[in-house]
Amino acid sequence: MTGSRVVALGHYQPAKVLTNEDLAELVDTSDAWITSRVGIKTRHVAGPEEPVDELAAHAAAKALASAGLAPADIDLVLVATSTAINRSPNMAARVAARLGMGSPATMDLNVVCSGFTHALATADHAVRAGAATRALVIGADKMAEIADWTDRTTCVLVGDGAGAAVVEACADDEKPGIGPVLWGSVPELGHAVRIEGTPPRFAQEGQSVYRWATTQLPPIARKVCERAGVTPEELAAVVLHQANLRIIEPVAQKIGAINAVIARDVVESGNTSAASIPIALSKLVERGEIVSGAPVLLFGFGGNLSYAGQVISCP
């Protein structure tokens, strides 16, 4: 069984930007209130004519172009999303159709905020098992469509977008570029983050999520590094789910990644759920903030109170 690696990334965000000042005209809030509590300044919001699969296809096309590949070179498409209103065809099949792919396997994964790292692990497993040779892994969500715009505690958090990674098999003599996944959940606390109802609406118990993330997740993230054979001090970057700056910064500090670049894309993008990790990672790579081949910790957490993380080699 061979390993796999991430060879290219891409991201896409809608053109419309919603600032904290814009939100202050909709609900009882202010830039100071939002910044002090979650650290977010702006977020991108898709219009009704921009469905989830369109966001995903834009990010995927950029990743393919960066890898120098054609859509027909992909034999597995995985889309992590929790905002797919239409159930069939699934988002992966819709992306494959938009890009004119051949006959890839197409699957969606709904693990909410940790969806991308779950999907990345699934692609790695498929390659290792010989079920795929080259996969497109996408995190895409349109959180603004399921937000309650009268609830200032949640509507200030959300943004829309997509990020994508091309994963392919390593050569026989090449070190795997995607480390072992560590994943799990806390089912009895799954109600702390919800997308429910008709129409579906996003709601959460913010303090419960904050306490769980800041106390329970750092030791799990350190175990991810242990499984990958690296120490936290060796990490070049840490890309956590971009939920809240007040969660990201203390969790990163407790992990002990003292030499790492810490992704803080939440400030300009808000919480984009499954899209947050690939968008943040793609931007860091695009800006040249991580050296190719350097170890990067990816760690998703949130909805279902689930988590999944792995250390990858930067493409």
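What comes next concerns the included structure. (Residues numbered from 1 in each chain as written. Predicted model: local features only at pLDDT ≥ 70, side-chain atom pairs only at ≥ 80, totals over all residues. Heavy atoms only, no water.)

A few words on the packing of aromatic side chains. Across all of its chains, the model carries two aromatic pairs by this definition. Plain terms: the ring middles of Phe-299 and Phe-301 are 6.5 Å apart, the flat faces sit at 40 degrees to each other, and that makes the pair tilted. Residues Phe-299 and Phe-301 agree in their burial class; the two are buried. Taking the centre distance of 6.4 Å and the plane angle of 15 degrees together, the rings of Phe-299 and Tyr-307 count as stacked. Here Phe-299 falls in the buried class, since its relative accessible area comes to 1%. Grouping aromatic residues by their ring pairs yields a cluster made of Phe-299, Phe-301 and Tyr-307. The ring of Tyr-210 is capped by Arg-246, whose NZ or CZ atom sits 5.2 Å from the centre of that ring. (Phe/Tyr/Trp six-rings, centres within 6.5 Å; stacked < 30°, edge-to-face > 60°. Buried < 20%, exposed > 50% of the residue type's maximum accessible area, 1.4 Å probe, protein only. Lys NZ or Arg CZ within 6 Å of the ring centre and 35° of its normal.)

In contact at an axis separation of 9 Å, helix H3 (residues 52–67) and helix H4 (residues 91–99) are set at 55 degrees when each is read in the N-to-C sense. Judged by the inter-axis angle, H3 sits oblique to H4. By crossing handedness, the relation of H3 to H4 is classed as right-handed. Facing H3, whose interface residues are Val-52, Asp-53, Glu-54, Ala-56, Ala-57, Ala-60, Ala-61 and Leu-64, H4 presents Met-91, Arg-94, Val-95, Arg-98 and Leu-99. Class assignment for the residues of the contact of H3 with H4 results in nine nonpolar, no polar and four charged. (Axes fitted to C-alpha atoms, helices over the stretch in contact; angles between N-to-C directions. Helix = DSSP H or I, 4+ residues; strand = E, 2+ residues; numbered from the N terminus. Parallel < 35°, antiparallel > 145°, perpendicular 65-115°, else oblique. Left-handed = near helix turned anticlockwise from the far one by under 90°. Contact = heavy atoms within 4.5 Å. Nonpolar A, V, L, I, M, F, W, Y, C, P; charged D, E, K, R; others polar.)

To continue, consider unusual backbone geometry. Each neighbour pair has its own omega, and for Ser-88 with Pro-89 the value is -5 degrees, a cis peptide bond. With respect to the helices, strands and loops of the structure, Pro-89 is situated in the loop between strand E4 (76–80) and H4. With omega at -5 degrees, the peptide bond leading from Thr-198 into Pro-199 counts as cis. Within the secondary structure, Pro-199 sits in the loop between strand E9 (193–196) and strand E10 (201–204). Located in the positive-phi region is Leu-305, a residue other than glycine, with phi close to 45 degrees.

The N-to-C vectors of helix H7 (residues 206–228) and helix H8 (residues 245–255) enclose an angle of 30 degrees; their axes lie 9 Å apart at closest approach. You can see that H7 and H8 cross each other, and the crossing is right-handed. Of the residues in H8, those in contact with Tyr-210, Ala-213, Thr-214, Pro-218, Ala-221 and Arg-222 of H7 are Arg-246, Ile-247, Pro-250, Val-251, Lys-254 and Ile-255. Broken down by class, the residue content of the contact of H7 with H8 amounts to eight nonpolar, one polar and three charged.

A few words on the pairing of strand E1 (residues 4–12). For E1, a buried count of seven out of nine residues is recorded, marking the element as mostly surrounded by other parts of the structure. Bridge analysis of E1 against strand E7 (residues 160–169) gives eight bridges, and the strand direction is antiparallel. In the strand pairing of E7, His-11 is matched with Gly-163. (Pairing = 2+ DSSP bridges.)

What follows is about the side chain of Glu-54. Locating Glu-54 in the fold gives a position in helix H3. Buried charge Glu-54 goes without a salt bridge, the closest partner of opposite sign being Arg-98 at 4.0 Å. The contacts of Glu-54, once residues within four sequence positions are left out, are Glu-49 and Arg-98. (Lys, Arg positive; Asp, Glu negative; His and termini not counted. Salt bridge = Lys/Arg side-chain N within 4 Å of Asp/Glu carboxyl O.)

A few words now on the sheet that holds strand E5 (residues 105–109). One open sheet holds the five strands; their spatial order is E1-E7-E6-E4-E5, and the pairing between them is mixed. The outermost strands of the open sheet, each flanked by one partner alone, are E1 and E5. Pairwise comparison of adjacent strand axes, ignoring direction, gives a mean angle of 20 degrees for this sheet. Examined bridge by bridge, strand E6 (residues 134–142) and E7 share nine bridges and lie antiparallel to one another. By the bridge assignment for E7, Val-137 is matched with Ala-165. Against the sheet, H3 makes contact with E1, E6 and E7, and its axis sits at roughly 125 degrees relative to E1, the strand it touches most.

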